[in-house]
Amino acid sequence: MASHAESAGHHTAFPWFTDHGKRPGLRGFLTSTNHKRIGMLYMVAVLSFFTIAVILGVLMRIQMLSPDSTFLTGQAYNAMFTVHGIVMIFLVVIPGIPTIFGNFFLPILIGGEDMSFPRLNLFSWYLYMAGAFVVLASLALGTGPVDTGWTFYVPYSLNTTVNVPLAVFGVFLLGMSSILTGINIVTTTHQMRAPGMTFFRMPLSVWGLYSTAWIQVLATPVIGITLVLIMLERLFGIGVFDAAKGGDPILYQHLFWIYSHPAVYIMILPAMGIISDLFPVFSRKNIFGYKTIAFSSLAIASVGSLVWGHHMYVSGQSDTASIVFSLLTFLVAVPSAIKVFNWVATMYKGSVKIDPPFLYALGFIALFAIGGLTGLVLGALSTDVHTHDTYFVVGHFHYIIFGGMGFGLFAALHYWFPKMFGKTYDYKFATVSFIVLFVGFNLFYMTMLILGWAGMPRRYYSYLPKYTDLQVIATVGSWIMVGGLGMMFGNLLYAFFRGKKAEANPWGGATLEWQISSPPSFENFEKVPEITHGPYVFTKEANAEGKGK
Amino acid sequence: MWLFLLSEILIFGGLFLVYAMYRAKHPADFHAASLELSRFDGTLNTAILLTSSLTAVLAIFSLQELNKPRRTAWFLAATIGFGFAFLVVKAFEWGAKFQHGLYPRAAELGTRPHGEILYFGLYFTMTGLHALHVIIGMVVLSVMLAWVLGKKATQQKSAALENAGLYWHLVDIIWIFLFPLFYLIS
Amino acid sequence: MSYARYVYVWIALLVLTAITVTTAGLNIGRVGIIIVLAIAAGKSTLVLLWFMHLRTEKRLLLKLLVPISIATLAIFIGLTYTDILTR
């Protein structure tokens, strides 16, 4: 499988240890426009910010161990859940899969050499880092960390004395980075496909990235201008959100959620795409309903852009609007459910092997299903009145975002680790890590669902004594969960430095990335591939190669 | 570039959404406030930008089809000049508003009904953001002018010039909508 | 192949501008906004097709991009209206 060029005396072309005689080491990385190196830059950044946000979460949970805890002041707690939200959402979950795996693998999956706009790609990373730096700087500089929640609702965000303009400007930069990435992904998918790679022969992970990119381009500008309006309102008092001048605070919520709801589809669609790639490989069977899954990605992207009002049922929005949004919300559940059925149907009569990537994929299904079902509770008007702004919501979105996108990311990490780094990791330890993580996750967030249903409000730093037992259980669950995370990342980090050499195709995959060396060379393909069949065709030869060659 | 233009349309789109909502709530106030603007200035600026769009496309045509770089340079200079003229008129308009106390947080504006306050808040935001894009466009076109003179943009390598033109035309289109929405409320 | 086409489009744009300004001077109430927006849409279409070369653009997706973004915007505005107009 490894190309002859590599064995013929060349140093194995490692995407970021080969400097091609130009700029070596770190400088080479920071100035490279190669999509794999940029993917690595994003990986280091995203995972670092993830760690920071997890630590903030742990601190919050410690505060919630008892109702009269003085571990954090109320102000500090408000700042913590705000920053936890901003970092997780804008620095980790929204960019995560498209910038790490989209950048690294999109060109390879479609048989291309790089993205359509490599320099724009590097610029996107610098914009991302600038935005991250501004957001984190806003914690320390000026009047203190933002305490508005990541949603920046008016009128509080207009009046609070903390660093709102700075934090908001940071998010604005991150939005610009996201738009540019989206432009790059759409253009690359259209222009850089190898001969014979029709749209319907592309892996479904590409469909996931592609649908997502459209949302990035169409929806992100709306939050961009909304954040600008916040800054203008604070600086100049233009009046658009100020009730004293005739402004409508609910209009802010409309503008905010017009982006932020589609944003959750930016988070989940790439993960779903990766899961769609994993199920065929680990069932050794073609995916059930390729076109259905592909079109459902587009359907989720489009219909999902019409449901934002379901965040606003109790905001003062009119009943008519609430009914319309509730109906549309129920509609968007349909394509997601179709995907779940198709994935499970792929396993039927397949030859299933539960290696670590697939373990995380199965975990994804379970957790995403729970998250999705709780979403129906929230999407229905009457039950939402009871659960809005409670821990039920927090439990719901952590199941969907963490259980969905997060586990999708972990699955992608375990799947593509051997390809990216040319090293293999300990499968047994990965499995144990998964179990610890999964148990802790459910102990934590299932308890939150129960607490929320029992009336525990979100974003409160204290609570009625009757909730104490469940709060303690949730916190303990969070510790187990973080322990599992530590084990999982520790395992991969160890393998990065000390892992044994990996084969080119350890899982027997049929998509293009498995036809090149592990790790890939600078140009990806020795010669331009010619595609003659779909991405999930497992012939006898592929089967033989997959098993241990 | 077209994808980038899409995102620009959505940026202004958010502002058009805000405008749509508040105009629906305060139709009479919006009409009254619009009488404070000079229709002459608005129409003049519309004509200026439309003409600048003409010179922009003529610049591209001169390079791509006729291969006459000097003419291209003159047309680009004209486009930039028209952009500058637009900004001058705008500056006079804004100046007039400042003089009459019709800007955010001004005392005079505070005495007006809500609809008018919102109208002027939106007026400055939207025409301000538009003017910013005019300035950016002028900078980009100036770079293109330098490229044409320095032979970096030629008949064969005219993609950047074309993209710059597309951006300028979008700025024109946005004004085509801003003009009636602020100046022509009957 | 000459400048003529572009100049004709420019003249048409100026004429449409004159029409729209005149219309606004008339007292026609609610219909007014529909007319001015329609004329603005017409002017934009002329700019898109002729000045921005969408008339001769071969790639279908590019020709659809602007309609897609306008449609998206229309949907956003429409759905927001369901709230603003019914409170």
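Everything numeric in this text was worked out from a predicted model, so none of it was measured. (Residues numbered from 1 in each chain as written. Chains lettered and ligands numbered in written order. Predicted model: local features only at pLDDT ≥ 70, side-chain atom pairs only at ≥ 80, totals over all residues. Heavy atoms only, no water.)

Draft legend 1. Geometry of the overall build of chain C. Within chain C, the regular secondary structure consists of three helices and zero strands. Each helix and strand of chain C, ordered N terminal to C terminal, gives the series α-α-α. For 87 residues, the compact-globule estimate of 2.2 N^0.38 gives 12 Å, and chain C exceeds it by more than 25% at 17 Å. Dimensions of chain C, computed from C-alpha atoms along their principal axes, come out at roughly 55 × 35 × 10 Å. Of all 87 residues assigned to chain C, the portion counted as buried reaches 39%. Put simply, chain C shows about 4,700 Å² of open surface, and 74% of that area lies on carbon and sulfur atoms. (Helix = DSSP H or I, 4+ residues; strand = E, 2+ residues; numbered from the N terminus. Rg over C-alpha atoms; globule rule 2.2 N^0.38 Å. Buried < 20%, exposed > 50% of the residue type's maximum accessible area, 1.4 Å probe, protein only. Areas by Shrake-Rupley, 256 points an atom, 1.4 Å probe, with all protein chains shown as cover.)

Draft legend 2. Structural view of the layout of surface pockets. A volume near 1,300 Å³ is recorded for the second largest pocket. Going through the elements one at a time, helix 6 (118–140), helix 8 (164–191) and helix 9 (204–236) of chain A together with helix 1 (2–25), helix 6 (114–149) and helix 7 (159–183) of chain B are the ones with two or more residues in the lining of the second largest pocket. When residues of the lining of the second largest pocket are assigned to their parent elements, the largest contribution, seven residues, is made by helix 6 of chain B. Tallied by class, the residues present in the lining of the second largest pocket amount to 24 nonpolar, seven polar and two charged. (1 Å grid on protein atoms, 1.4 Å probe; cavity = no way out; pocket = protein on both sides within 12 Å on 5 of 7 lines; lining within 4 Å. Points joined across faces, edges and corners; volume = space filled by probe spheres on them. Nonpolar A, V, L, I, M, F, W, Y, C, P; charged D, E, K, R; others polar.)

Draft legend 3. Structural view of the nonpolar core. Ranked by internal contacts, the top residues of the largest apolar core, which has 283 residues, are Phe 90, Phe 101, Trp 343, Phe 364 and Phe 410 of chain A together with Trp 2 and Phe 182 of chain B. The biggest single contributor to this core is helix 10 (residues 249–283) of chain A, with 22 residues. The residue makeup of this core includes at least three contributed by each of domain 1 (1–56) and domain 2 (58–87) of chain C. If near-sequence neighbours (up to four positions away) are discounted, Phe 182 of chain B is found in contact with Tyr 19, Ser 34, Leu 37, Tyr 119, Leu 122, Tyr 123 and Met 126 of chain B. (Core = buried A, V, L, I, M, F, W, Y, C linked by side-chain atoms within 4.5 Å. Domains from an automatic or database assignment. Contact = heavy atoms within 4.5 Å.)

Draft legend 4. Highlighting the packing of aromatic side chains. Per the counting criterion, the structure on display carries 76 aromatic pairs over all chains. Measuring from centroid to centroid gives 5.8 Å for Trp 343 of chain A and Phe 364 of chain A, while their planes differ by 75°, and the two rings are edge-to-face. With Trp 343 of chain A in helix 12 (residues 319–347) and Phe 364 of chain A in helix 13 (residues 356–379), the pair connects residues that are 21 residues apart, well separated along the chain. You'll find Trp 343 of chain A and Phe 364 of chain A in the same group, each marked buried. One residue, Arg 37 of chain A, lies across the ring of Phe 29 of chain A, its end atom 4.9 Å from the ring centre. Across the ring face of Tyr 6 of chain C, the terminal group of Arg 5 of chain C is positioned such that the distance to the ring centre comes to 5.0 Å. (Phe/Tyr/Trp six-rings, centres within 6.5 Å; stacked < 30°, edge-to-face > 60°. Lys NZ or Arg CZ within 6 Å of the ring centre and 35° of its normal.)

Draft legend 5. Structural context of the interface of chain A and chain B. Between chain A and chain B, the residue contacts involve 30 residues of the former and 23 residues of the latter. At the boundary of chain A with chain B, total buried surface from both sides reaches about 2,100 Å², with 74% on carbon and sulfur atoms. Sorting the residues of chain A by area buried against chain B places Ile 225, Ile 238 and Lys 245 of chain A first, and these three jointly supply 24% of that buried surface. The closest approach of N and O atoms between Asp 248 of chain A and Lys 25 of chain B, which form a salt bridge, is 4.0 Å. At the junction of chain A and chain B, the tally comes to five residue pairs in polar contact (both at pLDDT 80 or more). Those elements giving two or more residues to the side of chain A that touches chain B turn out to be helix 8, helix 9 and helix 10 of chain A. No other element matches the 12 residues that helix 9 of chain A contributes to the side of chain A that touches chain B. Within the side of chain A that touches chain B, the residues separate by chemical class into 21 nonpolar, five polar and four charged. (Buried area = accessible area lost by both parts, 1.4 Å probe. Salt bridge = Lys/Arg side-chain N within 4 Å of Asp/Glu carboxyl O. Polar contact = N/O pair within 3.5 Å; in protein donor to acceptor, adjacent residues only side chain to side chain.)

Draft legend 6. Quick look at unusual backbone geometry. All names here are of chain A. For the peptide bond that leads from Val 154 to Pro 155, omega is 0°, which places it in the cis range. Tracing the backbone through its elements, the reader meets Pro 155 in the loop between helix 6 and helix 7 (156–159). Here the amide bond leading from Ser 518 into Pro 519 is cis, since omega sits at -5°, within 30 degrees of zero. One can find Pro 519 in the loop between strand 2 (500–501) and helix 18 (540–546). Here the phi dihedral of Arg 284 falls at roughly 50°; this positive angle occurs in a residue that is not glycine. Examined against the element boundaries, Arg 284 turns out to sit in the loop between helix 10 and helix 11 (290–303).

Draft legend 7. Spotlight on the packing of helix 3 (residues 39–64) of chain B against helix 7 of chain B. Residue and element names in this part refer to chain B. At their nearest, the axes of helix 3 and helix 7 sit 10 Å apart, and the two run at 165° to each other. The orientation of helix 3 with respect to helix 7, classified from their angle, is roughly antiparallel. Here the hand of the crossing between helix 3 and helix 7 comes out left-handed. Here the contact of helix 3 with helix 7 is composed, by residue class, of 13 nonpolar, nine polar and three charged. (Axes fitted to C-alpha atoms, helices over the stretch in contact; angles between N-to-C directions. Parallel < 35°, antiparallel > 145°, perpendicular 65-115°, else oblique. Left-handed = near helix turned anticlockwise from the far one by under 90°.)

Draft legend 8. Region of interest: the side chain of Ser 158 of chain B. All names here are of chain B. Inspection of the secondary structure puts Ser 158 in the loop between helix 6 and helix 7. At a separation of 2.9 Å, a polar atom in the side chain of Ser 158 contacts the side chain of Gln 64. With sequence-adjacent residues up to four places away left out, Ser 158 is seen in contact with Leu 63 and Gln 64.

Draft legend 9. Quick look at the interface of chain B and chain C. With 43 residues of chain B at the contact, the number on the chain C side is 41 residues. Contact between chain B and chain C buries roughly 3,700 Å² in total, counting both sides, with carbon and sulfur atoms accounting for 81%. Together, Trp 2, Met 21 and Phe 61 of chain B form the three largest contributors to the area buried by chain B at its contact with chain C, with a combined 18%. At the junction of chain B with chain C, the criterion picks out zero salt bridges. Between the two partners, chain B and chain C, sit five residue pairs in polar contact (both at pLDDT 80 or more). Of all the elements in the fold, those that place two or more residues in the side of chain B that touches chain C are helix 1, helix 3, helix 4 (69–99) and helix 7 of chain B.

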